[in-house]
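What follows is the residue order along each chain.
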Amino acid sequence: LFVLEALSCGLPVVAFDIPANKFLTEHQCGITVTKGSGRAMKDELILLLSSPEILEKMSINARKLVLEKFDDQLFYDKYFNLYKNL
C-alpha cells in the first residue's frame, strides 16, 4: 500500500522485486531490487537521488500511472458493472 501512496504523490519508489511491485519497472516509475538485498536497495537509492533527470521522468510516470490505473471513478465503474452483471 505504501508504494501506491508514494506513486500517487509522484514519488518514485525503490522496492523489492515481489510480484506486487512488478508494475514499477513495467511503467518506469520505480526500481525493483532483489528481495532482501539491502545493499542493492542502497545503491539504487543513491543512483536515483543523484540523477535528477531520471528522478523527474519517474516522478511524471508515477503520477501518470496512478491517474490512469487507480482513479476513483474507474474503480466505481468497475464495481458498478460487476454488480450489475451478477
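Residues numbered from 1 in each chain as written. Predicted model: local features only at pLDDT ≥ 70, side-chain atom pairs only at ≥ 80, totals over all residues. Heavy atoms only, no water.

Attention shifts here to the overall build of the protein. Secondary structure summary: the protein contains five helices and two strands in total. Along the protein, helices and strands appear, N-terminal first, in the series α-β-α-β-α-α-α. For 86 residues, the compact-globule estimate of 2.2 N^0.38 gives 12 Å, and the C-alpha radius of gyration of the protein, at 15 Å, exceeds that figure by more than 25%. Its C-alpha atoms give the protein principal-axis dimensions of roughly 50 × 25 × 20 Å. Sequence separation of at least 24 residues holds for 41% of the intrachain contacts in the protein that already meet a minimum separation of 6. A total of about 6200 Å² of accessible surface is found on the protein, and carbon and sulfur atoms cover 60% of it. Computing the positive centroid from 10 side-chain charges and the negative centroid from 11, the protein places the two 5 Å apart. (Helix = DSSP H or I, 4+ residues; strand = E, 2+ residues; numbered from the N terminus. Rg over C-alpha atoms; globule rule 2.2 N^0.38 Å. Contact = heavy atoms within 4.5 Å. Areas by Shrake-Rupley, 256 points an atom, 1.4 Å probe, with all protein chains shown as cover. Lys, Arg positive; Asp, Glu negative; His and termini not counted. Charge placed at Lys NZ, Arg CZ, Asp CG, Glu CD.)

Taking 1.5 Å of rise per residue, the 18 residues of helix α4 (residues 52-69) would be expected to cover 26 Å, and the 25 Å separating its terminal C-alpha atoms lies within 8% of that figure. Among all positions in α4, only Met58, Asn61, Ala62, Leu65 and Val66 are buried. Relative to the axis of α4, the buried residues are bounded by an arc of 130° and lie together on one face. Opposite the buried face of α4, by more than 90 degrees, sit the exposed residues Pro52, Glu53, Glu56 and Ile60. On its buried face, α4 sits against α1 (2-8), α2 (22-26), β2 (30-33) and α3 (38-49). (Expected span 1.5 Å × (residues − 1). Buried < 20%, exposed > 50% of the residue type's maximum accessible area, 1.4 Å probe, protein only. Arc of directions from axis to C-beta.)

Here the protein averages 91 in pLDDT, while 100% of its residues score no lower than 70. By mean pLDDT, the top-scoring element of the protein is α3 (95), and the lowest-scoring one is α2 (84). (pLDDT = per-residue confidence, 0-100.)

Now for the nonpolar core. Val3, Ala6, Leu7, Val13, Ala15, Leu24, Cys29, Ala62, Leu65 and Val66 form the largest nonpolar core, which has ten residues in total. Secondary structure elements with two or more residues in this core: α1, β1 (13-16) and α4. The residues contacting leucine 7, other than those within four sequence positions of it, are Val13, Phe23, Leu24, Cys29, Ala62, Arg63, Leu65 and Val66. Val14, Ile31, Val33 and Met58 belong to the second-largest nonpolar core, a separate cluster that totals six residues. (Core = buried A, V, L, I, M, F, W, Y, C linked by side-chain atoms within 4.5 Å.)

What follows is about a nonpolar patch on the surface. A cluster of nonpolar residues, Phe75, Tyr79, Leu82, Tyr83 and Leu86, forms a patch on the protein surface that exposes about 600 Å² of accessible area. Considering the arrangement of structural elements, one finds tyrosine 83 in helix α5 (residues 72-84). (Patch = residues over 30% accessible without salt bridge, like charges linked within 9 Å, V, L, I, M, F, W, Y side chains within 5 Å. Salt bridge = Lys/Arg side-chain N within 4 Å of Asp/Glu carboxyl O.)

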